[in-house]
Amino acid sequence: MRKFATVFTIMGLLYVLSSFFGQAELYAQTAGESSGSLGRALDIFWNYTAFSSVNYKYLLMICVGLFFIYLAIRYNYEPLLLVPIGTGIIIGNIPIMEGFQIGIYEDGSVLNYLYFGVLKGIYPPLIFLGIGAMTDFSSLISNPRLMLLGAAAQIGVFGTFIGAMALGFEIHEAGAISIIGGADGPTAIFASSKLAPHLIGSIAIAAYSYMALVPVIQPPIMNLLVSKKERLIKMKPPRAVSKLEKILFPLIGLILTLFISPSALPLLGMLFFGNLLKESGVTNRLAETARTSLIDIITIVLGLTVGASTQAVRLLEDPVTGEMVNKGFLTSGSIKIFVLGAVSFAVATAGGLLFAKIMNLFLKEGNKVNPLIGAAGVSAVPDSARVVQHEGLKADPSNHLLMHAMAPNVSGVIGSAVAAGIMMSFLM
């Protein structure tokens, strides 16, 4: 048995060795072909990666997205907006191969379906619903004259329109860009979706950027236009507002503003509806959902998709010349929009401050308003009101202006929506 086992073992070893050397010879014969196939496979893999088509413009936009996230985390500048937008900018500027239905501009992609709500103006009214459900209009109801400050700040809207026309924008584009002057992101997106959908990314990023930079932009303008003596003006505490007044205000406001500007119905209708849910006292569950879960979900989706729409390079065929032109974010038009946004925000802030000073010329001593609250006429709620509070406390630690500033602040929200409605009614 041992002899048989030895013989079979030797035969098995010989078989294994012969098979090994045979495969080695075959491999040697096909090594050249295999190396060529491997090279082609690696080349295909490289072409599928983003590294193969990246250029400095994409990298520049990715840096912008990282900068937005940095501002949100390091300085707490509008983190609920800048973190989703910054992440969206990074996502939108990763070069991808078309045809896989993953890009925001590709039909059938998930991002494209989400972006539909931006293009059709669905998300802004839902955000206004949430804003209405979380806003207390008591300070405005108790002192209605402060509504004029919110209206005065809308000079930024019409000033931006003139500036956009002067810089060569087409009239519909100028109308969409002008809403940046109201410092109202949702309203700017809504107007852009109706007047100039191709500019939504640039306009939205500009509007939200300046909203986030309210604590940086407004104080120097306040220091320039408001004297130390005027900063020390103390205003009477707002009177108590009854529940009936709080219920009637959204109903009266809804009817009145929509008769003035019917085109603003999607925005103002949802704003006052949300406030009615809050103040009626019988729809607390609906109001709670509108001001928490709903507005949070919409803010996430809106910020992410608006950010993702800012592709640095997006080549499209020009219908007139037939040439491929860049319709992406990094164009001279985007730079002009950002410049206009900065100027319009400064003009709107100055308009509110100066109108408050003019109001004081007609008010008796003891009833004068602190001109600082005029800066809250822009509709960056509640950041502008907080800046006013901070500047008031710097001048006098006992002078609390937050509740007074909320009146022109919420009035600015209404005013910017009315201004957008008027602009759309003329241009659509």
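Residues numbered from 1 in each chain as written. Predicted model: local features only at pLDDT ≥ 70, side-chain atom pairs only at ≥ 80, totals over all residues. Heavy atoms only, no water.

Enquirer: Whenever I open this one, the overall build of the protein chain confuses me. Can you help?
Expert: Broken down by element type, the protein chain carries 19 helices and two strands. Counting over 428 residues, the protein chain shows a buried share of 49%. As displayed, the protein chain has an accessible area near 21,500 Å², and 70% of this comes from carbon and sulfur atoms. (Helix = DSSP H or I, 4+ residues; strand = E, 2+ residues; numbered from the N terminus. Buried < 20%, exposed > 50% of the residue type's maximum accessible area, 1.4 Å probe, protein only. Areas by Shrake-Rupley, 256 points an atom, 1.4 Å probe, with all protein chains shown as cover.)

Enquirer: Can you walk me through helix α19 (residues 402-427) in this structure?
Expert: Each turn of an α-helix holds 3.6 residues, which means side chains three or four residues apart point in the same direction. Given a rise of 1.5 Å per residue, 26 residues ought to cover 38 Å, and the 37 Å separating the end C-alpha atoms of α19 matches this to within 8%. The buried fraction of α19 is high, at 21 of 26 residues. (Expected span 1.5 Å × (residues − 1).)

Enquirer: Quick question: what am I supposed to make of the packing of aromatic side chains here?
Expert: Geometry of an aromatic ring pair is reported as the spacing of the ring centres plus the angle between the planes. Enumeration according to the criterion identifies eight aromatic pairs in this entry. Ring centres of Phe137 and Phe249 lie 5.0 Å apart, and the angle between their planes is 40°; on these two criteria the pair is classed as tilted. Here Phe137 is found in the loop between α5 (123-134) and α6 (138-142), whereas its partner Phe249 is found in helix α14 (residues 243-260), with 112 residues between them in sequence. A relative accessible area of 15% means that Phe249 is categorised as buried. A centroid spacing of 6.4 Å and a plane angle of 35° characterise the contact between Phe137 and Phe272, whose relative ring orientation is tilted. Of the two residues, Phe137 sits in the loop between α5 and α6 while Phe272 sits in helix α15 (residues 265-280), which places them 135 residues apart along the sequence. By the burial criterion, Phe137 is buried, and Phe272 matches it. Every member of this aromatic cluster is reached through a ring pair, and the members are Tyr70, Tyr75 and Tyr77. Over the ring of Tyr75 we find Arg74, and its NZ or CZ is 5.1 Å from the ring centre. (Phe/Tyr/Trp six-rings, centres within 6.5 Å; stacked < 30°, edge-to-face > 60°. Lys NZ or Arg CZ within 6 Å of the ring centre and 35° of its normal.)

Enquirer: What am I meant to see in the pattern of salt bridges here?
Expert: Think of it this way: side chains of opposite charge can pair up when their charged atoms draw near. In the structure shown here, the tally under the stated rule is eight salt bridges. Between Glu230 and Lys357 there is a salt bridge, and its shortest N-O distance comes to 2.8 Å. Of the two residues, Glu230 is situated in helix α13 (residues 228-231) and Lys357 in helix α17 (residues 332-360); the sequence distance between them amounts to 127 residues. Ionic contacts of the salt-bridge type, sharing partners, join the residues Arg231, Glu391 and Lys394 into one network. (Salt bridge = Lys/Arg side-chain N within 4 Å of Asp/Glu carboxyl O.)

Enquirer: I keep staring at the packing of helix α4 (residues 110-119) against helix α16 (residues 284-308) and nothing clicks. Help me out?
Expert: A pair of packed helices can be characterised by two numbers: the angle between their axes and the separation between those axes. One can describe the packing of α4 onto α16 by two numbers: an axis separation of 9 Å at closest approach and a directional angle of 105°. Between α4 and α16, the angle falls in the class roughly perpendicular. Contact residues: Leu111, Leu114, Tyr115 and Val118 in α4; Val301, Leu302, Thr305 and Val306 in α16. (Axes fitted to C-alpha atoms, helices over the stretch in contact; angles between N-to-C directions. Parallel < 35°, antiparallel > 145°, perpendicular 65-115°, else oblique. Contact = heavy atoms within 4.5 Å.)

Enquirer: Would you mind going over the nonpolar core with me for this structure?
Expert: Buried together is how nonpolar side chains tend to be arranged in soluble globular proteins. Judged by nonpolar contacts, the single largest core of 106 residues is most densely connected at Ile177, Leu268, Ile373 and Val388. In terms of residues, this core owes the most to one element, α19, which gives 13 residues. Membership of the second largest hydrophobic core comes to five residues, among which are Leu129, Ala133, Leu277 and Ala290. (Core = buried A, V, L, I, M, F, W, Y, C linked by side-chain atoms within 4.5 Å.)

Enquirer: Just checking my understanding: could you explain helix α11 (residues 200-212) for this structure?
Expert: In this model, α11 (13 residues) spans 18 Å end to end at C-alpha, consistent with the 18 Å of a helix rising 1.5 Å per residue. Buried residues dominate α11, accounting for 13 of its 13 residues.

Enquirer: For this particular structure, what's the right way to read a nonpolar patch on the surface?
Expert: Nonpolar side chains collect at one region of the surface, where Ile44, Tyr48, Ile94, Ile96, Met97, Phe100 and Ile102 lie side by side and expose about 670 Å² of accessible area between them. Residue position: Ile44 is located in helix α1 (residues 2-48). (Patch = residues over 30% accessible without salt bridge, like charges linked within 9 Å, V, L, I, M, F, W, Y side chains within 5 Å.)

Enquirer: Is there a simple way to think about the environment of Pro144 in this case?
Expert: When you line up the elements, Pro144 lands in the loop between α6 and α7 (147-152). Here the alpha-carbon distance between Pro144 and Ala407, two residues 263 residues apart in the chain, equals 8.0 Å.

Enquirer: I'm lost on the confidence of the model for the protein chain in this one. Help?
Expert: Low-pLDDT portions of the prediction should not be read for the details of their coordinates. A residue-level look at the protein chain finds 90% of positions with pLDDT of 70 or above and a mean pLDDT of 85. In this model, residues 3-8 is a region of pLDDT below 50 whose contacts with residues beyond four sequence positions or in other chains number zero contacts. Between residues 10-29, whose pLDDT stays under 50, and residues either more than four places distant or in other chains, the model counts zero contacts. (pLDDT = per-residue confidence, 0-100.)

Enquirer: I'm lost on unusual backbone geometry in this one. Help?
Expert: A negative phi holds for most residues other than glycine; trans holds for most peptide bonds. Of the consecutive residues Val381 and Pro382, the connecting peptide bond is found in the cis state with omega at -10°. For Asn76, which is not glycine, the phi dihedral falls at a positive 60°. Along the chain, Asn76 falls in the loop between α2 (56-75) and α3 (79-92). Exposure remark for Asn76: the relative accessible area of 55% places this residue in the exposed category. Located in the positive-phi region is Glu78, a residue other than glycine, with phi close to 40°. Within the fold, Glu78 resides in the loop between α2 and α3.

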